[in-house]
Amino acid sequence: MAVSSYARAFPSFECRSEPDFSGSLPHPKAGVRFSGKYNSGSNRSQVYGLSSLIFRFPPNFVRQLSIKARRNCSNIGVAQVVAASWSNNQAGPEFTPAANAVDSSASAAVTSIGITAGDEEVAVVENADCNDQNVQITGTGVKYASFLNSDGSVAIHAGERLGRGIVTDAITTPVVNTSAYFFNKTSDLIDFKEKRRASFEYGRYGNPTTVVLEEKISALEGAESTLIVASGMCASTVMFLALVPAGGHIVTTTDCYRKTRVFIETILPKMGITATVIDPADMGALELTLNQKKVDLFFTESPTNPFLRCVDIELVSKLCREKGALVCIDGTFATPLNQKALALGADLVVHSATKFLGGHNDVLAGCISGPEKLVSVIRNLHHILGGALNPNAAYLIIRGMKTLHLRVQQQNSTALRMAEILEAHPKVKHVYYPGLPSHPEYHLAKKQMTGFGGVVSFEVDGDLLTTAKFVDALRIPYIAPSFGGCESIVDQPAIMSYWDLSQSDRAKYGILDNLVRFSFGVEDFEDVKADVLQALDSI
């Protein structure tokens, strides 16, 4: 059988009937293994972690298949149909005589097939016992950390070249636009229901494209599992509803995203859930609350929004663990590159993937990462509530994350340098940035963060209108909500997020009329510096 092109295979590749798409089902075992060696005599670079072995066959091979086989071919790829045809169970009336002839020749050689090209031995098939058409060929236990030493490399390859469940030789992950998935026969459906077979079922419960994104985020966070949902608020709210029982109690902090505060203050009490609010640095208040009440969950951002306060995640996790309380950290401002909340002891970490993870101001999403035991509880409720992420949105975030380390590096640098400039400027009263020694948690931030983020908040020396004049004088940043994208964004919280409250009510939350939140993008530093200084000079 002629092979028009080939894929290189490296030691230990396994053929399994289905990948575990749901995050909770066991991976079924299958009996096909591919092994081979790569000859580097031509100074070719060795490649590790290839997740899928793709064979291409001449066009007439596909034409020899029946209508049904060709339909399946279009759905799951030629490689899967061919691999399935190697199984003894697949030789049947479904194939035309010509196709059977191909199948027969393949079966005769399946015990040991070596495909060579020049000095490269590409693949050896030692055994074949895959019983259905949905064959996946993936690496067996390749660990990212074994050869990828940086988060930047992991952000590019995790879930794709390493462990992608979709069989394709495309570099980019395909967008699987479907609302439901079919089963070949009822027995397959029953096997799926009884957890003997892993598969997708319905779009709200999972999608191949979104699974790639979940695996990529899990790899960055060092998490067993990740759930991706339709927005950051969706991630936070479904987490609260899944993990805090009716009548439960939570602890949160004074500084946080307003809509999260609204949910805690107005929605959770309808289920009898109460909250204690503490200063991010007040560990005494946390200990007192843990001793006096049965606390179910500690939740906060670190850094917080908009004053960028930092919580001692390691200490908070230790105190809460002793009392049986869970800890969830919203790491949106930090990103998984600047802070590893799970490694510091937190049980869960959530992100608004709309921000730095997506990074291009073009998509909404949220995610929750942590141990499978907890994430599966949240996932089950998510399946009921909905809020599923569209696979096209998942694709945009996958694409965005491949430049995450480059963007965050630039944003960290620009924000720190601008924070220092702003702090020294006579028309700026105060700067809030954890990378400044003047920040109350500066030493803590240095301890638990590798970078201080791309957002700086500061107070202009002036009133509401003076501050608005400064904002309007800026030419590079957009006046908009959100942050973390390639484009710089500026907003005046008193107007953007708190305009419905009176000045005195805004002040209760520390939101003064002269407060500005500036999200630095990836523009040239000198351009941004000149723009900000000119705008300050105009007031």
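Residues numbered from 1 in each chain as written. Predicted model: local features only at pLDDT ≥ 70, side-chain atom pairs only at ≥ 80, totals over all residues. Heavy atoms only, no water.

Caption draft 1: Region of the structure containing the packing of aromatic side chains. Within this structure, the stated rule accounts for 12 aromatic pairs. For the pair Tyr202 and Tyr205, a centre-to-centre distance of 5.7 Å together with 65° between the ring planes defines the contact as edge-to-face. Since its relative accessible area comes to 33%, Tyr205 is described here as partly exposed. A centroid spacing of 4.2 Å and a plane angle of 15° characterise the contact between Phe518 and Phe520, whose relative ring orientation is stacked. For Phe518, a relative accessible area of 2% corresponds to the buried category. Of the residues examined, Phe520 reaches a relative accessible area of 0% and is grouped as buried. Here a set of aromatic residues connected by ring pairs shows up, and it is made of Phe240, Phe263 and Phe299. Over the ring of Phe483 we find Lys355, and its NZ or CZ is 5.4 Å from the ring centre. (Phe/Tyr/Trp six-rings, centres within 6.5 Å; stacked < 30°, edge-to-face > 60°. Buried < 20%, exposed > 50% of the residue type's maximum accessible area, 1.4 Å probe, protein only. Lys NZ or Arg CZ within 6 Å of the ring centre and 35° of its normal.)

Caption draft 2: Summary view of the nonpolar core. Phe458 and Phe470 are the most contacted members of the largest nonpolar core, which totals 58 residues. Of all the elements, helix 15 (residues 404–424) adds the most residues to this core, at six residues. The residues that make up this core include at least three from each of domain 1 (151–403) and domain 2 (404–538). Not counting residues within four places of it along the chain, the set of residues in contact with Phe458 comprises Leu422, Val428, His430, Val431, Tyr432, Phe470, Asn514, Leu515, Val516 and Phe518. Grouped together as the second largest cluster of nonpolar side chains are 23 residues, Ile250, Phe263, Val350 and Val375 included. (Core = buried A, V, L, I, M, F, W, Y, C linked by side-chain atoms within 4.5 Å. Helix = DSSP H or I, 4+ residues; strand = E, 2+ residues; numbered from the N terminus. Domains from an automatic or database assignment. Contact = heavy atoms within 4.5 Å.)

Caption draft 3: Structural detail: the environment of Leu515. By the element assignment, Leu515 lies in strand 17 (residues 515–519). Classification of Leu515 by relative accessible area gives buried; the value is 1%. With 23 residues separating them in the primary sequence, Leu515 and Gln492 have C-alpha atoms 6.0 Å apart. Among all residues touching Leu515, those that are not within four sequence positions of it are Pro306, Phe307, Tyr432, Ser457, Phe458, Glu459, Thr467, Asp491, Gln492 and Pro493.

Caption draft 4: Geometry of the pattern of salt bridges. Inspection of the entire model under this criterion finds 20 salt bridges. The partner of Arg196 in a salt bridge is Glu194, with the nearest N and O atoms 2.5 Å apart. Between Asp513 and Arg506 there is a salt bridge, and its shortest N-O distance comes to 2.8 Å. Here the two residues Asp513 and Arg506 agree in accessibility, since each one is buried. Each of the salt bridges in this network shares a partner with another, and the network as a whole consists of Glu160, Lys216 and Lys402. (Salt bridge = Lys/Arg side-chain N within 4 Å of Asp/Glu carboxyl O.)

Caption draft 5: A look at the pairing of strand 12 (residues 366–370). For strand 12, the tally of buried residues reaches five of five residues, placing the bulk of the element in the interior. By the alternation rule, side chains of strand 12 split into Gly366, Ile368 and Gly370 and Cys367 and Ser369, which are all buried. The sheet contact formed by strand 6 (residues 225–229) and strand 12 spans five bridges and is antiparallel. Across the sheet, residue Ser225 finds its bridge partner in strand 12, namely Gly370. (Pairing = 2+ DSSP bridges.)

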